[in-house]
Amino acid sequence: MPEQRPNGNASGGSAYTINLNTFSGRLQALYEHWRENKETYWGSSDVLAVATPPLSDDLRYLKSSALNIWLLGYEFPETIMVFREKHIHFICSQKKAEVLRVIKKAAALEDIEVDIRVKLKNDDGSSQMELVFQEIRSDSTDTPTVGHIAREAPEGKLLEIWSDKLKGSGLKLIDISNGLSQLFAVKDKNEILCIKKAAYLTASAMKNFVVPKVEKVIDEERKVTHATLMEETERAIQDPLKIGAKLKADNVDICYPPIFQSGGKFDLRPSAVSSDDDLYYDSASVIICAIGSRYNSYCSNVARTYLIDSDTVQSRAYEVLLKAHEAAILALKPGNRVSAVYEAAVAAVDKDTPELAPKLTKSAGTGIGLEFRESGLSLNAKNDRVLKAGMVFNVSLGFQNLESNTSSSKSHNFSLLLADTVIVMDNGREVATSACSKSIKDIAYSFKEDEEEIPKVKRESIAKDVFSKATLRSDNGEISKEELRKQHQAELARQKNEETARRLAGVGYGAGDGRAAVKTTSDLIAYKSVNELPLPRDMMIQVDQRNEAILLPIYGSMVPFHVATVKTVSSQQDTNRNCYVRIIFNVPGTPFTPHDANSLKNQGAIYLKEVSFRSKDPRHISEVVQLIKTLRRNVMARESERAERATLVTQEKLVLAGNKFKPIRLHDLWIRPGFGGRARKLSGSLEAHMNGFRYSTSKADQRVDIMYGNIKHALFQPAEKEMITLVHFHLHHHIMVGNKKTKDVQFYVEVMEMVQNIGAGKRSAYDPDEIEEEQRERDRKNKMNMEFQNFVNRVNDLWGQPQFKGHELEFDQPLRELGFYGVPYKASAFIVPTSSCLVELVETPFLVISLSDIEIVNLERVGLAQKNFDMAIVFKDFKRDVMRIDSIPSSSLDGIKEWLDTTDIKYYESRLNLNWRPILKTITDDPQQFIEEGGWEFLNLEATDSDSDNSAESDQGYEPSDAEPKSESEDDDSDSDALVESEDEEDSEQDSEEEKGKTWEELEREASNADREKVNESDSEDERRRRKMKAFGKSRAGPSSAASKRSKFR
């Protein structure tokens, strides 16, 4: 019987089914390739003869077995296949013949006849072989050429007899290994899918089993041999569910026994074995891990090197190897020569460290597929074959026999190895094992000890669930910890300035101030013709709500105005019981009312700025004013919603799960932001479908679709000290929820009552009812948390499937132990980091800041006497306002510094608050000068304190402004030059006369002020200046004002 390895589909019991569609397509591909490349790759063979040996317990890769699996879906041991121009002959046992009979009809469609000759149990098959030889000789008067796999020695009685008869037949024999390699080189979509699943399994084994296992061994200082780690890893691969891979165990296997090496003894060949030596993880040690797994017999491979307390030689060598590996991967694109891959790696090494070039491995890997190493696809400097889409490579690169600066024999000699499975695509390449990180921050582990090494060290893992590097320190190692952090921050400063320089040089930034552009409105038409005007009743103000217009009596005619042209409307009553109504219109070109599309069309038009009417009927005036205000508010809300919808990015349509799988559901949820309206709020259900989520209530119009491709961050926060359990989605592009435009959508459930009755009498802590109620609340909280956790786990499993890999989605969970209190908007909140962002998800408005968007962080008002400080987050997009988190307790300072340093975010400290809008404007106006003056180092307190006083002139744009003004002109320019903002100044700008128009009270106040100024004309210039300075001082908000009084976005 054929061997049911993980390479095909079996149906019911012991029956084997051959996929006839796959068989037909690949049979046609075999014959086409043979005919088109007969002389080039197939040795001009007229007949192809392939004999598959018996099964073996050894891991081996044979082209005969590969052809069986590729063509038929199964390996048929002790079976002979002979391909002629129009015939295929099989010599096999009775059971195999029964399985193979189904291919006769499929082969007939390709005009090929299948002849199956059964070898009986006690027969050696000689008679069947002679008949096949007679058929071969009958094809031609000349001696036919038979292609066979010369490198595969015959095994078993059947194959030995076949080999003897073939050699003694007088037929010409030629090796066809090269032809089969070419045939297998380019994979179809089904083969690519199998390789992706194998790569997913391999990366999951490394990420979810090997790395945590090795970390635990080091953390517990256990002695574990390389061979033991190999055996445990092999068992993990063969049980995919335990490592988070939802693949059937029957379909998976290892490519080779996993390889673990350390202690100065390294062999970078795939044939290396894991020794019985203990894993060595002392200072300056190197650990190499390599694993390969198969899915449906298709191979994948990954190798990683982990550095323990590496010295400069080891770290530098790894950085060079990483660059060379990435260069080799980038060279894998259709049309390139295979040799270009290795040449790219060599060039990367020669550029940085030419002395390491002789230590580089002699190839950059091989092709991979049904065979672990496909012959003819070696990535070396001599291979001139052309890369094609569909080829798959094991890109494996390493340095051998390097020497470190340590004296220990087990760490002095070391090697490095990196390997990934890479698929060549039409538009480039895809690293199938990219889920397993190889960046320096994820493979380098630092263990800090005292220099004397007398006291015993204790381990302290910092945010181990999030960050994959462990940090050890001694009991009195706080100083060394701070010094190490400073060194890392200095390196980050250099990298950040280089990155900012590249970004500013490559992207054109405008000189804008970060404020949103003014929305243009559509054409405003109240009446299309004069005939549509309502009949005038009296010469009095009318409001036409149907046409959204007001009709004003002007010079004996009723003149219509669309309500959107009205800026403000107000009424006032004087002492003579006369009522006045004043209407101010939008006039394009004035401050706060820029030109829009309508004004640009009618540039020569004359605009009416304001009108006033007098009436003896206060009731009518009050009613008119109220009607105009209500109508204007409704129209502006509708236009605003329409404008927001116009800016939305078009989303793909939701594909419902249907019969493919049952949608994953979470019931009885509330949504934030809500749908709005005055109707009773309804809870709804959240469902995960094929390409997105859908939230819906019992109302048909209350529905929200969130596409997986639009999700930037998916967050899950269980209730601990909060009243709600929630899942939160932060999106790439805005969507509409009801009539609100939002990038953040949250679904939550209350785990306990938000409001409790405190009016009742005091209850005892031992009250049975009180205890029972508390227990019910705990049970409900645990139940809700568990339901949400199950939903999140199932969605994560769904996202782990290959079709969702491009989205790189996974639910993230806030790390409460790293959280801190602060004021991001108006109220204090508990802000918590996750592995990819900084969030506050309980209070609204929500706070979600992606770490990848952050340029730098400036910690402001940091000082010994301060009880709290502020955090200013500067984004890579300089047009975006700086985000401020105020009033953070000083006790959280060290924790925040450690978190920022661990996540490779450069931070600075300052004693004062900075006004960031003019700073960013200065940078974007002249980025070259910003870079030449040291980039962000103007924020470095240690550097600036050591500078001389006469450097202040060059740093004029960044000087804090809580010092006393130095000249009279500074008062006049304070709005643009001050680096410490004042809410009062902003309020005065926003409430200016040009924005709202002058009311009657304002006109009267201006007149009285003018009279007062006339009285004071005799005052001296010095007295006027003193009054001005006094008023200026009162109007400013000092840097130590309450956090709630400061504007949060700058």
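In case you missed it, the structure is sitting above this.
Counting from 1, residues in each chain are numbered in the order their sequence is written. With pLDDT at 70 or above as the cut-off, local features in this predicted model cover only qualifying residues; side-chain atom pairs require 80 or more to be listed or tallied, and sums for whole chains, interfaces and linings still use all residues. The side-chain values count all of the structure's non-hydrogen atoms but skip hydrogen atoms and water molecules.

Before we go on, may I ask you to explain the pattern of salt bridges in this structure?
Opposite charge on two side chains lets them pair, provided their charged atoms get close. Salt bridges are defined as contacts in which a side-chain nitrogen from Lys or Arg sits within 4 Å of a carboxyl oxygen from Asp or Glu. Scanning all chains against the criterion turns up 42 salt bridges. When the shortest N-O distance is used, the salt bridge between arginine 269 and aspartate 267 registers 2.9 Å. Burial here depends on accessible area, computed with a 1.4 Å probe over protein chains only, as a share of the maximum for the residue type. Under 20% is buried, over 50% is exposed, and the range in between is partly exposed. Look at arginine 269 and you get exposed, because its relative accessible area is 53%. For arginine 619, the salt bridge goes to aspartate 617, with nearest N and O atoms at 4.0 Å. Assessed through its relative accessible area of 58%, arginine 619 is described here as exposed. For aspartate 617, a relative accessible area of 31% translates into the label partly exposed.

Help me understand the packing of helix H1 (residues 20-36) against helix H7 (residues 177-185) in this model?
Helix-helix packing is described using two parameters, namely the angle between the two axes and the distance between the axes. Only C-alpha atoms enter the line fits that serve as axes; for helices the fit covers just the stretch in contact. Angles between N-to-C directions range over 0 to 180 degrees. Numbering of helices and strands starts at the N terminus; helices are DSSP runs of H or I of at least 4 residues and strands are runs of E of at least 2. Where H1 contacts H7, the two axes come as close as 11 Å, and the packing angle between them is 130 degrees. Looking at the two axes, H1 sits oblique to H7. Remark: the crossing between H1 and H7 carries right-handed chirality. Mapping the contact onto sequence places Ala29, Leu30 and His33 in H1 and Gly179, Gln182 and Leu183 in H7. Of the residues that constitute the contact of H1 with H7, the class distribution is 3 nonpolar, 3 polar and no charged. An angle counts as roughly parallel when it lies under 35 degrees, as roughly antiparallel when it exceeds 145, as roughly perpendicular when it falls between 65 and 115, and as oblique in every other case. Each crossing gets its hand from how the near helix is turned against the far one by less than a right angle, where anticlockwise is left-handed and clockwise is right-handed. Contacts between residues were defined by any pair of non-hydrogen atoms, one from each residue, lying within 4.5 Å. The nonpolar class holds Ala, Val, Leu, Ile, Met, Phe, Trp, Tyr, Cys and Pro. Asp, Glu, Lys and Arg form the charged class, and all remaining residues, Gly among them, are polar.

How should I be thinking about the packing of aromatic side chains in this particular structure?
Both the distance between ring centres and the angle between the ring planes are used here to describe each pair of aromatic rings. Here a Phe, Tyr or Trp ring, Trp counted by its six-membered ring, pairs with any other such ring whose centre lies within 6.5 Å, and the pair is stacked when the planes are under 30 degrees apart, edge-to-face when over 60, and tilted otherwise. Counted under the stated rule, the structure contains 21 aromatic pairs. Taken together, a centroid distance of 5.2 Å and an interplanar angle of 5 degrees make the contact between phenylalanine 133 and tryptophan 162 stacked. You can see phenylalanine 133 sitting in helix H5 (residues 126-138) and its partner tryptophan 162 sitting in helix H6 (residues 156-167), a full 29 residues away along the chain. Both residues of the pair, phenylalanine 133 and tryptophan 162, belong to the buried class.

Help me understand helix H17 (residues 768-799) in this model?
Since the α-helix advances by 3.6 residues per turn, residues separated by three or four positions end up pointing in the same direction. Take the number of residues in a helix, subtract one, and multiply by 1.5 Å to get its expected span. Across its 32 residues, H17 extends 46 Å between first and last C-alpha, which sits within 8% of the 46 Å expected from 1.5 Å per residue. Those residues of H17 that sit buried are Lys781, Met784, Asn785, Phe788, Phe791, Val792, Val795, Asn796, Leu798 and Trp799.

Please explain the packing of helix H8 (residues 189-219) against helix H9 (residues 226-237) as it appears in this structure.
Two numbers describe how H8 lies on H9: the axes approach to 10 Å, and their chain directions differ by 135 degrees. It follows that H8 is oblique to H9 by the angle criterion. Crossing of H8 against H9: the hand is right-handed. Residues Leu201, Ala205, Phe209, Val210 and Lys213 of H8 pack against Leu229, Glu232, Thr233, Ala236 and Ile237 of H9. Broken down by class, the residue content of the contact of H8 with H9 amounts to 7 nonpolar, 1 polar and 2 charged.

Take it as geometry only, folks, not as evidence of what the structure does.
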